[in-house]
Amino acid sequence: MPILQLQPVTTDTLDHVLDVQAACYPASYHEPRAVFARKLALSPDSHWLAWQGGEALGYFFTHPWRGLTPPPLATELAALPSPADCHFLHDLAIHPGARGIGIAQALVEHAFAWGQRQQLKGALLVAVQGSLPFWSRHGFRKLGPASGYGENAMLMHRQ
């Protein structure tokens, strides 16, 4: 099996992000290209694509954030808060055909290392589609339901 490579997302690779998103989520969770492009413009070094054998198999979009209220889903952010006090883990998606081979773990570890280098003291996310056990294994604790992120979405935090 070819070696997994993690590379920064660029405007030239956003179509791969959209392809993985389409394979992972129902249409109600799809975010437009412009939303991803805006996050990329605001925080160009905190988003990664996982490649194996020349195929994009997953992505992780993250960015600095402040407080315990997540940004709205499918909304272009005007700016990132400054100073930031946490790392918002916006969207981790692994192509269904590539699950179970360590891609999510590699992306999460990479993102955690980035957040530590930025001196972000905690991490915040919204768990969707039954991902609460995955995030709990990574030290996240439930804060409560997250509105605007679909049914059973749960806001989670990690110090």
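Anything mentioned here points back to the structure above.
Here the structure is a predicted model, which is why all the values come from computation and not from measurement.

1. Observations concerning the overall build of the protein chain
Stage number 1. Within the protein chain, the secondary structure is distributed over four helices and seven strands.
Stage number 2. Listing each helix as α and each strand as β along the protein chain from the N terminus yields β-α-α-β-β-β-α-β-α-β-β.
Stage number 3. At 15 Å, the protein chain has a C-alpha radius of gyration in line with the 15 Å of a compact globule built from 159 residues.
Stage number 4. Overall, the C-alpha framework of the protein chain stretches about 40 × 30 × 30 Å when taken along its three principal axes.
Stage number 5. Every one of the 159 residues in the protein chain was classed for burial, and the buried ones make up 47%.
Stage number 6. Counted over contacts in the protein chain with a minimum sequence separation of 6, partners at least 24 positions apart contribute 65%.
Stage number 7. Counting 11 positive and 11 negative side-chain charges, the protein chain places the centres of these two groups 11 Å from one another.

2. So, the pattern of salt bridges
Stage number 1. Across all of its chains, the model carries two salt bridges by this definition.
Stage number 2. One salt bridge in this structure joins Asp 15 and Arg 33, with 2.4 Å as the shortest N-O distance. Residue Asp 15 is located in helix 1 (residues 14–24), and its partner Arg 33 is located in helix 2 (residues 33–42); the two are separated by 18 residues in the primary sequence.
Stage number 3. Given a relative accessible area of 35%, Arg 33 falls into the partly exposed group.
Stage number 4. Here Asp 85 makes a salt bridge to Arg 66, at a shortest N to O gap of 3.9 Å. Taken together, the residues span a long stretch of sequence, with Asp 85 in the loop between strand 3 (55–65) and strand 4 (86–94) and Arg 66 in the loop between strand 3 and strand 4 at a distance of 19 residues.

What counts and how
- Residues numbered from 1 in each chain as written.
- Predicted model: local features only at pLDDT ≥ 70, side-chain atom pairs only at ≥ 80, totals over all residues.
- Heavy atoms only, no water.
- Helix = DSSP H or I, 4+ residues; strand = E, 2+ residues; numbered from the N terminus.
- Rg over C-alpha atoms; globule rule 2.2 N^0.38 Å.
- Buried < 20%, exposed > 50% of the residue type's maximum accessible area, 1.4 Å probe, protein only.
- Contact = heavy atoms within 4.5 Å.
- Lys, Arg positive; Asp, Glu negative; His and termini not counted.
- Charge placed at Lys NZ, Arg CZ, Asp CG, Glu CD.
- Salt bridge = Lys/Arg side-chain N within 4 Å of Asp/Glu carboxyl O.

Scope: geometric values only; no functional claims are made or implied.
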